[in-house]
Every structure is written in structure tokens, then in C-alpha cells.
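# Topology and contacts: notes
Read off the chains here:
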Amino acid sequence: MSFLWTWVGAAFGLAFGHSLGALILGALIGWVVDTMFHQRRRLRAQRQFVAPLFAVLGALAKADGRVSQAEIGVAERMMQRFDLDATQRAEAIARFNAGKQAGFQLAPALAELRRICAPQPQLAWAVLDVLAEVAYAEGAASPAGFQLLQQAAHALGFGDMQLLALLMMRGYAMPQGAAGAWQQQGYQQAYQRGSRQAPSRSSGPDPYAVLGVERSSDDASIKRAYRKLISQYHPDRLGDLPEELRRRAERRASEINTAWEAIKGERGIV
């Protein structure tokens, strides 16, 4: 949130009131203006997500040929978490239903999401996190659902290794066929012990996978990877996001820091 008008108000109060009370009053008026602008920007940012995001959620839910109550439940929770008003909720439902149709064109919706997220990689990650939650609504993704999730990850600018890191952080398992294919591509070391099951939530994800580096990487390479990621995902760079996406982006920054601390402790990096 910008505090431009807070500072402007404080300056006017001091200039024309010549007292601490006038300064505080001016700052308070400016803060109210800043808050109003911030809320309007966040609402605009939220509205642009509704159509493409919920359309892709519908396509994910129907990927295996049916839409389960668990998948509908996740979509409902997303509507609540995004704090949609009645009009936005109606549009979200309509777009979700459109995404379920056999002739739905997925590519334009993914392209629109990428366009919206282009200035902020942390925003794209938050969107992918939302999509993964629907793909795994029933505890495991179907092969078709996983393939669609992989397609969405690529459209948003993420490679397989980054998608793998997200799955590990959330404790999600890959479908059997997908796990085998990824192991053949050399991802088995990152996916702990090459198992087809994700690591337990208690053990946590591989910190190297979280940072997108190999265990064989040297300290300098790992440090560069950490600095690049944390500069992209730092909360101060989030801007005016819908609160649900902000929460997910902030969690990503926390996970990056946790992974870096784990690697530093393991390697003795100062």
C-alpha cells in the first residue's frame, strides 16, 4: 500500500497548521485517501482474475470426465477467500461452468492469466498454487488433471522443476505415470528418493528443490538462486493483489527463506 497521500496530508497539516495536532490530522486524512485508493486498486486487480482463473478451475475439475463434490467445494472456498461480491460470484460460477464444457478452449484463458501475472512472478506462483489445490481436491490428481496442471505451469512461465517444488511443498503426490516420466528426465533426486509419493508434511520438502537447484550445486550458485528468488517474491513487491493471492505469495517467500536457512545450516554457509 502506498502512503503518498498520508505524507502529503502530514506536510499540508504542518505547513498550514503549524502544530503537531495539525500534522496528525493531515496525516490521518491522507491515510484515509490512501486506503480508499488501495481498496479500489485491489478490487480492480481482483476483478480481472475472476473470468480466466475460474474458467481454468472448471477445466481442471472436469479433466477426469466428472466434477466431484470435493472439487466444487474447493471452487466454493476460493470464491469465499477471494471475497467476491454477488456480481463477481455469478461471473465466477458462469466461468467455472464454461470451463467444464467439452469444447472449452483452455489456451486463451491461460494466456490471459499469464498476461495478468507477467509483471509479477510471485503472482503467477500464487495462481499456480490455487490451480494445484483444485487439481488435488480429491487427494490425488488424475493423469489428465496433472497434465492440465503441467500445461498451466508452462503457460505461466514455470518449468517442470518449479512445478515439482510446489507439489513437494504442498505434500502432493504425482500420478504414477507422470512420476515415472519425470524420473526418467532426471527429477528423481529432487523428488525425495525417487518415490512416487510426495514427502510427508512433517518431514518437509527438499530445500534444494524449493530453491530450484541441484544438491551438487556449489555454495555460490545456491546463494545466487536464493537471492534471485527472494528478490522476486519479497512481500514488499506484491503490490495490490487480491488477499488470497497475497497470502499465497507471502507463504512462498517464507518457504524460500526456510529452505535457505536449512541449506545454510547443512553446509555451514555463513
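In this text, all values refer to a predicted model and were calculated from it rather than measured experimentally.

A few words now on the overall build of the protein. From N to C terminus, the protein includes 12 helices and zero strands. The helix and strand sequence of the protein, counted from the amino end, reads α-α-α-α-α-α-α-α-α-α-α-α. Buried positions account for 47% of the 270 residues belonging to the protein. Contacts spanning at least 24 positions in sequence make up 71% of the contacts within the protein whose residues lie at least 6 apart. Total accessible area on the protein is roughly 13,400 Å²; 55% of this is exposed by carbon and sulfur atoms.

This brings us to the nonpolar core. Membership of the largest hydrophobic core comes to 74 residues, with the highest contact counts inside it found for V127, L131, L149 and L211. If near-sequence neighbours (up to four positions away) are discounted, L211 is found in contact with I222, A225, Y226, L229, I256, A259, W260 and I263.

Quick look at the packing of helix 11 (residues 219-233) against helix 12 (residues 243-267) now. Where helix 11 contacts helix 12, the axes come no closer than 10 Å and their chain directions differ by 160 degrees. As judged from the angle between their axes, helix 11 and helix 12 are roughly antiparallel. The handedness of the crossing between helix 11 and helix 12 comes out as left-handed. Residues D219, I222, K223, Y226, L229, I230 and Y233 of helix 11 lie in contact with helix 12, whose contacting residues are A249, R252, A253, I256, N257, W260, I263 and R267. Partitioned by chemical class, the residues of the contact of helix 11 with helix 12 number 10 nonpolar, one polar and four charged.

It is worth spelling out the pattern of salt bridges at this point. The final tally for this structure, using the stated rule, is 12 salt bridges. Between E133 and R248 there is a salt bridge whose closest N-O contact spans 2.6 Å. Note that E133 is positioned in helix 6 (residues 121-135) and R248 in helix 12, a separation of 115 residues in sequence. R248 sits in the buried class, given a relative accessible area of 1%. When salt bridges that share partners are traced, they join R81, D129, E133, R170, R248, R251 and E255 into one network.

Under the definition given, this model contains four aromatic pairs. Ring centres of W125 and F158 lie 5.8 Å apart, and the angle between their planes is 85 degrees; this geometry places the pair in the edge-to-face category. Taken together, the residues span a long stretch of sequence, with W125 in helix 6 and F158 in the loop between helix 7 (143-155) and helix 8 (160-170) at a distance of 33 residues. For the residue pair W125 and F158, the accessibility class agrees, reading buried in each case. With centroids separated by 4.8 Å and ring planes inclined at 10 degrees, the aromatic side chains of Y226 and W260 adopt a geometry described as stacked. Taken as a pair, Y226 in helix 11 and W260 in helix 12 lie far apart in primary sequence, 34 residues in all. When the ring centre of W125 is taken as reference, the NZ or CZ atom of R252 above it lies at 3.9 Å.

Note: α-helices contain 3.6 residues per turn, so residues at a spacing of three or four share the same orientation. The terminal C-alpha atoms of helix 7, which comprises 13 residues, lie 18 Å apart, in line with the 18 Å expected from a rise of 1.5 Å per residue. Taken together, the buried positions of helix 7 are G145, F146, L148, L149, Q150, A152, A153 and A155. The positive-phi residue at the C-terminal boundary of helix 7 is G157, with phi of around 100 degrees.

Okay, helix 6 next. The end-to-end C-alpha distance of helix 6, which contains 15 residues, comes to 21 Å, matching closely the 21 Å that a straight helix rising 1.5 Å per residue would cover. Within helix 6, 14 of the 15 residues are buried, which leaves the element mostly enclosed by the surrounding structure.

Turning our attention to the confidence of the model for the protein. Predicted confidence across the protein gives a mean pLDDT of 78, with 77% of residues reaching 70 or more. Looking over the protein, one finds the lowest element-wise mean pLDDT in helix 9 (residues 176-187), namely 53, and the highest in helix 7, namely 92.

Topologically, G157 is positioned in the loop between helix 7 and helix 8. Once the C-alpha coordinates of G157 and C117 are considered, the two residues, 40 residues apart in sequence, prove to be 9.7 Å apart. Residues contacting G157, with those up to four places away along its chain left out, are R114 and Q162.

Moving on to the environment of E133. A relative accessible area of 16% places E133 in the buried class. Residues E133 and M78, spaced 55 residues apart in sequence, show a C-alpha to C-alpha distance of 9.9 Å. In contact with E133, other than residues within four places in its own chain, are V74, R77, M78, R81, Y172 and R248.

So, how was this worked out
Residues numbered from 1 in each chain as written. Predicted model: local features only at pLDDT ≥ 70, side-chain atom pairs only at ≥ 80, totals over all residues. Heavy atoms only, no water. Helix = DSSP H or I, 4+ residues; strand = E, 2+ residues; numbered from the N terminus. Buried < 20%, exposed > 50% of the residue type's maximum accessible area, 1.4 Å probe, protein only. Contact = heavy atoms within 4.5 Å. Areas by Shrake-Rupley, 256 points an atom, 1.4 Å probe, with all protein chains shown as cover. Core = buried A, V, L, I, M, F, W, Y, C linked by side-chain atoms within 4.5 Å. Axes fitted to C-alpha atoms, helices over the stretch in contact; angles between N-to-C directions. Parallel < 35°, antiparallel > 145°, perpendicular 65-115°, else oblique. Left-handed = near helix turned anticlockwise from the far one by under 90°. Nonpolar A, V, L, I, M, F, W, Y, C, P; charged D, E, K, R; others polar. Salt bridge = Lys/Arg side-chain N within 4 Å of Asp/Glu carboxyl O. Phe/Tyr/Trp six-rings, centres within 6.5 Å; stacked < 30°, edge-to-face > 60°. Lys NZ or Arg CZ within 6 Å of the ring centre and 35° of its normal. Expected span 1.5 Å × (residues − 1). pLDDT = per-residue confidence, 0-100.

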